[in-house]
Amino acid sequence: MGRLADRSVVVFGGGSKGARLNNGLATSIVYAREAAALTIVDRDADAVADATARVRELQPSAEVLGVVGDVTDPESVAAAVQEAEAFGGGIDVLHNNVGIARMGGPMEMTLEEWDLVHRVNLTSVFLTCKHVLPGMLGRGRGAIVNVASVGGMRYIGYNYPSYSATKGALVQFTQNLALEYAAQGIRANCVSPGYIETPMIHEQISGSYASVEEMLAARNALSPTKRMGEPFDVAHAALFLASDEAKYVNGVNLPVDGGLVQQAAAPVAH
């Protein structure tokens, strides 16, 4: 407990409607448990309210601020960062959790859909870093944790090249940040979830299967552990990378996938 005491953390994409447990909410709960001054940013006001209420319910002493902000809008990102800095006295940890998946390749997907995935999954991280980095550099310290995906590391059977392309690019973007700012006290790392059971798979991936039950069975079977991971698995990996326990860990991409990407020839979803 208290691994992030006296630290200010902002989680972009930390909201959750109905406080359903997703990666962003789980990570917010873990950061708050470790005594961070926490700002949760999401574009949906209800999702922000529900997530902050859930964090406070589980951690009554938590310092939590909810901010409505759109990661695809430069002005909105700048305003959210300003609120987070004012609340926490600066930002020590930037956590980028925002991501969407859209099924379909070049023949099925429209250019507008392709651009949307890139704005949400990749350009958003450029924008948050653009506004958070100056403050981190001024204090000479900071940790950036970006949520990528094993889908950005290898083909896993889903027809979503836009998602894979953006997540693979996010890994390279993170590694560039890590090396560019290492001497100034800034670390940047990725967490790459594998098969994790979250609301997102029900909303954005289940349509590729005959039923939700078929999707869940297939994803469980494809994991080397024969079960999907849970959002707290991702959250605990993020906590390590955000904390001083990882003070000499920089530029890594940490898969949280039960060993999926280590297989010589990983089975794929279809």
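Structure: see above.
Small disclaimer: the values here were computed from a predicted structure and weren't measured.

Cut-off values and rules
- Residues numbered from 1 in each chain as written.
- Predicted model: local features only at pLDDT ≥ 70, side-chain atom pairs only at ≥ 80, totals over all residues.
- Heavy atoms only, no water.
- Pairing = 2+ DSSP bridges.
- Helix = DSSP H or I, 4+ residues; strand = E, 2+ residues; numbered from the N terminus.
- Axes fitted to C-alpha atoms, helices over the stretch in contact; angles between N-to-C directions.
- Core = buried A, V, L, I, M, F, W, Y, C linked by side-chain atoms within 4.5 Å.
- Buried < 20%, exposed > 50% of the residue type's maximum accessible area, 1.4 Å probe, protein only.
- Contact = heavy atoms within 4.5 Å.
- Patch = residues over 30% accessible without salt bridge, like charges linked within 9 Å, V, L, I, M, F, W, Y side chains within 5 Å.
- Areas by Shrake-Rupley, 256 points an atom, 1.4 Å probe, with all protein chains shown as cover.
- Salt bridge = Lys/Arg side-chain N within 4 Å of Asp/Glu carboxyl O.
- Left-handed = near helix turned anticlockwise from the far one by under 90°.
- Nonpolar A, V, L, I, M, F, W, Y, C, P; charged D, E, K, R; others polar.
- Right-handed = clockwise from strand over helix to strand, strands pointing away.
- Expected span 1.5 Å × (residues − 1).

With parallel pairing, the 7 strands of this open sheet are ordered in space as S3-S2-S1-S4-S5-S6-S7. Lying at the two open borders of the sheet, with one neighbouring strand each, are strand S3 (63–68) and strand S7 (253–256). Neighbouring strand axes in the sheet, compared pairwise and without regard to direction, differ in orientation by 15 degrees on average. Relative to strand S2 (residues 37–42), strand S1 (residues 8–12) runs parallel, the two being bridged by 5 bridges.

Attention now goes to the nonpolar core. If you look at the biggest cluster of nonpolar residues, it comprises 30 residues, and the most contacted ones within it are Val10, Phe12, Ile91, Leu94, Cys129, Met136 and Ile144. Among the elements of the structure, S1, helix H3 (74–88), helix H4 (111–139), helix H5 (161–181) and strand S6 (186–193) are those that each provide at least two residues to this core. At 8 residues, H4 tops the list of elements feeding residues into this core. Setting aside residues no more than four positions away along its own chain, Phe12 makes contact with Val41, Val71, Ala80, Val81, Leu94, His95, Asn96, Asn97, Val98 and Thr128. Ala36, Val234, Ala238 and Leu241 belong to the second largest nonpolar core, which has 29 residues in total.

This part is about a nonpolar patch on the surface. Taken together, the side chains of Phe240, Val252 and Leu254 make up a nonpolar region of the molecular surface, amounting to roughly 190 Å² of accessible area. Looking at the secondary structure, you find Val252 in the loop between helix H8 (231–242) and S7. Val252 gets classed as partly exposed once you look at its relative accessible area, which sits at 31%.

Contact geometry of H3 with H4 gives a least axis separation of 9 Å together with a crossing angle of 35 degrees. Classified by chirality, the crossing of H4 by H3 is right-handed. Here Pro74, Val77, Ala78, Val81 and Glu85 of H3 come into contact with H4, specifically with Leu127, Thr128, His131, Val132 and Gly135. Looking at side-chain class alone, the contact of H3 with H4 contains 6 nonpolar, 3 polar and 1 charged residues.

Once that is clear, we can look at the environment of Ala246. You can see Ala246 is positioned in the loop between H8 and S7. Between the C-alpha atoms of Ala246 and Arg187, which are 59 residues apart in sequence, the distance is 9.2 Å.

The side chains of a regular strand alternate, residue by residue, between the two faces of the sheet. Judged from the 6 bridges that link them, S2 and S3 form a sheet pairing that is parallel. Each bridged residue has a counterpart across the sheet, and for Leu38 the counterpart in S3 is Val64. The handedness of the S2 to S3 crossover, carried by helix H2 (residues 45–58), is right-handed.

Moving on, we come to H8. Taking 1.5 Å per residue, 12 residues should reach 16 Å; H8 reaches 16 Å between its end C-alpha atoms and fits that length. Buried within H8 are the following residues: Pro231, Val234, Ala235, Ala237, Ala238, Leu239, Leu241 and Ala242. Taken together, the buried residues of H8 touch helix H1 (23–33), strand S4 (93–96), strand S5 (142–147), S6 and S7.

What follows deals with the pattern of salt bridges. Scanning all chains against the criterion turns up 7 salt bridges. Of the charged contacts in the structure, one is a salt bridge between Asp244 and Arg7, with a shortest N-O distance of 3.0 Å. Of this pair, Asp244 sits in the loop between H8 and S7 while Arg7 sits in the segment before S1, placing them 237 residues apart in sequence. A salt bridge links Arg141 to Asp92; the nearest nitrogen and oxygen atoms lie 3.0 Å apart. Within this pair, whereas Arg141 is found in the loop between H4 and S5, its partner Asp92 is found in the loop between H3 and S4, the two being separated by 49 residues in sequence. For Asp92, a relative accessible area of 8% gives the class buried. One continuous salt-bridge network, built from bridges that share partners, spans Asp92, Arg139 and Arg141.

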